[in-house]
Amino acid sequence: MSRTDVDTDPESQPPPEDDTAFFGQPKGLLTLSGLEVWERFSFLGMQAILVLYFADTVAHGGMGMSSGTAASVSAAYGTLVYLVSVAGGWLADRMLGSFRAVLWGGILIACGHYAMAVPTPTMTWVGLGLISGGTGLLKPNVATMVGKLYRTDDERRDAGFALYYMAINIGAFAGPLITGWLGDHQGWHWGFSAAAIGMTFGLIQYVAGRRHLAGRRHSAEYALAPAAMRRAVRLIVAGTAVVAALAALLAGAGWLTMDRFVDLLTLVSVIAPVVYFTVMFMSPRVTAGERGRLKPYIVLFLASTVFNFILFQAYSTMMLLASTNAETTILGFDFPASWYASALGAFEVALAPVVAGLWVRMGRGQPHASNKIAIGVVLGGLSFLLMVVPTSGHSGDDYLMSAWWIVGSYLLLGLGDVLLETSGMSATTKLAPAAFSSQTMSLWFLSLALANGIQAQTVKLYDDVSKPAYFGVNGAIAVAAGLAVMAAAPWLRRTMHPVH
């Protein structure tokens, strides 16, 4: 079925009265935002305690890993989540359709969190595997469905993505509060149980609001022919079985250790985007104009990688730093260290509507998407550079910094995230070649996989170098990258035209 068929079929479109029903935005934005509230509640609520669970002693219910190893394994899990998003985009485009891909992804995520609620190491790894597969199906396709609510020239698009991102961060704020308290007071697996319940709520409201979504009754927009579909299903099943058997064999022989698995994921995270860009540039289904707009997209991809390298450490090295070297008292109130992750979500909830309102007010006068992204990268780097101050000048590692240092770092990081992610996702839906719509969004998430893959290696140094050096060098690199994108702004404006 062609894109034209899908776009003009009235059965695939939301009711006309939905167009401005949600604060001037399509009502379908409420359904998708509601799903993301609960998905982020579960995903980031779990991630806020995951590295602490890995680093905690076995006697206290943890996995007994060193701080560097815990951060590296946590980053490797993030790498796997976003690598699988490539398959999620392809399955939506060619086999399932966006609506069904998101539905099945949510079901896998919920099952994964329920598995992690079982207090055994085996079920922890099973759960992380299910969550990785489910998030790979859900995450790229939800963002694609948001893009389908708008015409390409609709000036509400950036504001809509900002509101969508605000909703994401309501979940990011609430998740660590619940899972963190449960993990600290009742045990880590109680926190994982709360994440499971949250994802279940998300699935219920997604199905209930499906009538407001575009394309909800169709399968894939670029579906494979029946014979090719059957062949693809057989290959997927056989390939999954072979990979699982090979992994089990290598693990049993002692070759596939945790360190080697992390290194393998990092290698794949580097190779995958190179291969994917090459395939898209060479595809005969990509027009010359679309191919020209992919070139500046590479710059945006790299900018996203640098920023998210910093952002994801809010849930690894920054969480470890908070648990060992930061006060957990503000204005006389004691709280679990994992609650620091909620500060990031809170700032993004507060800042997203301000940014959305600013873009609407400025209209065509708003900064170009590349400049928004560049400013976001600089702010991410500054959030790490700020941590050089409280970690410097100590003779040992037994000091405690004020909670406001980490809160201030997360404020800079939160503003940078709102600027970069909303503009990046919006620009992706505009720059995407028509034949690779969901898959191009998956390519954006591959930048997150690459960021996690790089992080999985660098965080191994967290225990080996001084804290000022660790945060200072990483922060300086990010600031330099953001300034480089600003310097390339004239070329980006020209090559991204007519995308603003």
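Positions within a chain are numbered from 1, following the residues in the order the chain's sequence is written. Local features in this predicted model are restricted to residues whose pLDDT is 70 or higher, and side-chain atom pairs enter the listing and the counts only when it is 80 or higher, whereas totals over whole chains, interfaces and linings include all residues. Hydrogens and water molecules were not included; the side-chain quantities draw on all heavy atoms of the structure.

(A) How the structure looks around the overall build of the protein. Within the protein, the secondary structure is distributed over 18 helices and 2 strands. To get the radius of gyration, use the C-alpha atoms; to get the globule rule, take the number of residues to the power 0.38 and multiply by 2.2 Å. At 22 Å, the protein has a C-alpha radius of gyration in line with the 23 Å of a compact globule built from 500 residues. Counting only C-alpha atoms, the protein reaches 65 × 55 × 40 Å along its principal axes. The contact rule is simple, with two residues in contact once any of their heavy atoms fall within 4.5 Å. By sequence separation, contacts in the protein at least 24 residues apart represent 83% of the contacts at least 6 residues apart. A run of H or I in DSSP counts as a helix once it spans at least four residues, and a run of E counts as a strand once it spans at least two, with each numbered from the N terminus.

(B) Geometry of the pattern of salt bridges. A side-chain nitrogen of Lys or Arg and a carboxyl oxygen of Asp or Glu constitute a salt bridge if their distance falls within 4 Å. Within the structure shown, the criterion is met by 3 salt bridges. Of the charged contacts in the structure, one is a salt bridge between Arg 40 and Glu 39, with a shortest N-O distance of 2.6 Å. Relative accessibility decides the category of a residue: with a 1.4 Å probe and only protein chains considered, values under 20% of the type maximum give buried, values over 50% give exposed, and everything between is partly exposed. On the basis of relative accessibility, which here comes to 5%, the residue Arg 40 falls in the buried class.

(C) The arrangement of the environment of Gly 105 in detail. Within the secondary structure layout, Gly 105 lies in helix α4 (residues 98–116). Filtering out sequence-adjacent residues up to four positions away, Gly 105 remains in contact with Gly 134, Leu 137 and Leu 138.

(D) Local environment of the nonpolar core. Buried residues of nine kinds, namely Ala, Val, Leu, Ile, Met, Phe, Trp, Tyr and Cys, make up a nonpolar core once their side-chain atoms join them within 4.5 Å. In terms of nonpolar packing, the biggest core is built from 124 residues, with Met 46, Phe 54, Tyr 164, Tyr 340, Ile 406 and Tyr 410 touching the most fellow members. Considering each element in turn, this core owes the most residues, 13 residues, to helix α2 (residues 28–55). Filtering out sequence-adjacent residues up to four positions away, Tyr 164 remains in contact with Leu 29, Leu 32, Ser 33, Glu 36, Val 142, Ala 143, Val 146 and Met 425. One finds Ala 92, Ala 101, Leu 137 and Ala 232 within the second-largest nonpolar core, a separate group that totals 6 residues.

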